[in-house]
Amino acid sequence: MGRCEEPQQSCEAWIAFADAVQVLEGCCVTCVDDRFEYGEKRLVSFGTLAGRVVVIAHVPRGHDATRIISMRKANRRADA
């Protein structure tokens, strides 16, 4: 698990980017994020990790690589 950068945020709330592989290689739903002009094809994936729904924003990099932009537990609005 990553370091806590913000002192007020609990380390328990953090999800390690290394766990993104489990989500992206498992059963997930992926959509193109076209809300803004990013200059690259951004994707948002919804999947599960340890029984929780997580949201991952990412960019494909070639055939075998993905750059993770963010990964967080989904809130109630994203779960719906």
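Look up: the structure comes first, before these words.
The following refers to the structure shown. (Residues numbered from 1 in each chain as written. Predicted model: local features only at pLDDT ≥ 70, side-chain atom pairs only at ≥ 80, totals over all residues. Heavy atoms only, no water.)

**Some words on the side chain of His58**
And step 1. Take His58: it is sitting in strand S3 (residues 52-61).
And step 2. His58 gets classed as buried once you look at its relative accessible area, which sits at 6%.
And step 3. One polar contact links His58 to Ser45, side chain to side chain, over a distance of 2.8 Å.
And step 4. What His58 contacts, discounting residues up to four positions off in sequence, is Leu24, Thr30, Lys41, Arg42, Leu43, Ser45, Thr66, Arg67, Ile68 and Ile69. (Helix = DSSP H or I, 4+ residues; strand = E, 2+ residues; numbered from the N terminus. Buried < 20%, exposed > 50% of the residue type's maximum accessible area, 1.4 Å probe, protein only. Polar contact = N/O pair within 3.5 Å; in protein donor to acceptor, adjacent residues only side chain to side chain. Contact = heavy atoms within 4.5 Å.)

**Quick look at the pairing of S3**
And step 1. Two elements, strand S2 (residues 43-49) and S3, share seven bridges in a ladder whose sense is antiparallel. Residue Gly47 lies in a different strand from S3, and its bridge partner there is Val54.
And step 2. Remark: two residues form the turn of the hairpin made by S2 and S3, two consecutive strands paired antiparallel; Ala50 in that turn has positive phi of roughly 55 degrees.
And step 3. Counting the residues between successive antiparallel strands, the hairpin from S3 to strand S4 (residues 65-73) contains three residues, one of them, Gly62, with a positive phi of roughly 75 degrees. (Pairing = 2+ DSSP bridges.)

That is the geometry; function is a separate question.
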